[in-house]
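Listed below are the residues making up each chain.
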Amino acid sequence: MNKLALIIIILFSNCQNYESPSRLLIAIEQISFSKHIEKNEINLKDVYNFEWELLYIFKEHVEPKDISEIIGFDCECEIVPDGLEMYIFIYNGSIVEKNIVETTGYDFNIQNYLDLDKSIVINSKNSKFIILDKKSYYLLEPINNIDNSKE
C-alpha cells in the first residue's frame, strides 16, 4: 500500500501521466494479434500522436540529475520508481509530455538499445519499427537502421 501511495504522490507532484498498461504495449498487442495486417509494423508517432521530436525512455531507479544531464536541461522530475519507466517527449527543446509507465507484467525491448542501463532515445524521424513476437517478449526492430540518437 505504501508503494502505491508513493507512486500517486510522485505522479501528482510532477504532473505526469500514468500508463498501466502503456499505450505502446496496447498498440503492439493490437497489431501483433491482428489477422488483417500482413506485416507487424508500428509507428510510434501514431501511438503518441502529438508533436514530439525525441522520446527518451528512462529505466527504473534513474536519478533526476542523470535524466537532466541526458536530455540537456532540468527535467523537473523525481527518481524513476521501482518497476516503472519514464517516457519524456521533447519538442522544440522543451518537455511536451512525461509519462510514468508500468513495466511489471509485460516485456518488450527495442533492438539496438538493449545494452543501455539508464535510457534510450528515439528520434521521431526514425519512429517506425517491426514487431517481432519472441513468445516471452516483443522486440521492436527499427525499420530505418539510421542512428536513432539525438541529432
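What comes next concerns the included structure. Keep in mind that what you see is a predicted model, and the values were worked out from it rather than measured.

A few words on the overall build of the protein. For the protein, the count of helices and strands is 4 helices and 9 strands. Listed by position from the N terminus, the elements making up the protein come as α-β-α-β-α-β-α-β-β-β-β-β-β. Expressed as a percentage of the 151 residues in the protein, the buried residues total 43%. Restricting the contact set of the protein to residue pairs at least 6 apart, pairs at least 24 apart contribute 57%. For the protein, the exposed area adds up to about 8,700 Å²; of that, 51% sits on carbon and sulfur atoms.

Evaluation of the coordinates by the stated rule reveals 2 salt bridges. For glutamate 85, the salt bridge identified is with lysine 59, shortest N-O distance 3.2 Å. One end of the pair, glutamate 85, is in strand β4 (residues 84-91); the other, lysine 59, is in the loop between β3 (54-58) and α4 (64-71), with 26 residues separating them in the sequence. Since its relative accessible area comes to 12%, glutamate 85 is described here as buried. When its relative accessible area of 25% is taken as the criterion, lysine 59 is described as partly exposed. Linking lysine 65 and aspartate 66 is a salt bridge whose minimum nitrogen-to-oxygen distance equals 3.5 Å.

Right, let's get into the state of the cysteines. One pass over the full model with this rule turns up 1 disulfide. The disulfide that involves cysteine 75 links it to cysteine 77, with 1.9 Å between the sulfurs. When the S-S torsion is -80°, as for the bridge of cysteine 75 with cysteine 77, the disulfide is left-handed. Classification of cysteine 75 by relative accessible area gives buried; the value is 2%.

This part covers the nonpolar core. Core analysis: the biggest nonpolar cluster contains 21 residues, and Leu24, Ile42, Leu55 and Tyr87 have the highest contact counts within it. Only α2 (23-33), α3 (44-47), β3, β4, β7 (119-123), β8 (128-133) and β9 (138-142) provide two or more residues apiece to this core. Looking at this core element by element, the count peaks at 5 residues for α2. Beyond its immediate sequence surroundings of up to four residues, isoleucine 42 is in contact with Leu24, Ala27, Ile28, Ile31, Val47, Ser127, Lys128, Phe129, Ile131 and Leu140. By size, the runner-up hydrophobic cluster in this structure holds 15 residues, among which are Val62, Ile71, Met86 and Ile90.

A separate point is the packing of aromatic side chains. Summed over all chains, the structure comprises 6 aromatic pairs. For the pair tyrosine 48 and phenylalanine 50, a centre-to-centre distance of 6.4 Å together with 75° between the ring planes defines the contact as edge-to-face. The class for tyrosine 48 is buried, based on a relative accessible area of 0%. Between the aromatic rings of tyrosine 48 and phenylalanine 89, the centroid separation amounts to 4.8 Å while the plane-to-plane angle is 45°, which identifies the pairing as tilted. Within this pair, whereas tyrosine 48 is found in the loop between α3 and β3, its partner phenylalanine 89 is found in strand β4, the two being separated by 41 residues in sequence.

Reading the values: the criteria
- Residues numbered from 1 in each chain as written.
- Predicted model: local features only at pLDDT ≥ 70, side-chain atom pairs only at ≥ 80, totals over all residues.
- Heavy atoms only, no water.
- Helix = DSSP H or I, 4+ residues; strand = E, 2+ residues; numbered from the N terminus.
- Buried < 20%, exposed > 50% of the residue type's maximum accessible area, 1.4 Å probe, protein only.
- Contact = heavy atoms within 4.5 Å.
- Areas by Shrake-Rupley, 256 points an atom, 1.4 Å probe, with all protein chains shown as cover.
- Salt bridge = Lys/Arg side-chain N within 4 Å of Asp/Glu carboxyl O.
- Disulfide = S-S within 2.5 Å.
- Core = buried A, V, L, I, M, F, W, Y, C linked by side-chain atoms within 4.5 Å.
- Phe/Tyr/Trp six-rings, centres within 6.5 Å; stacked < 30°, edge-to-face > 60°.

So, to be careful, I would describe these as geometric facts and stop short of saying anything about function.
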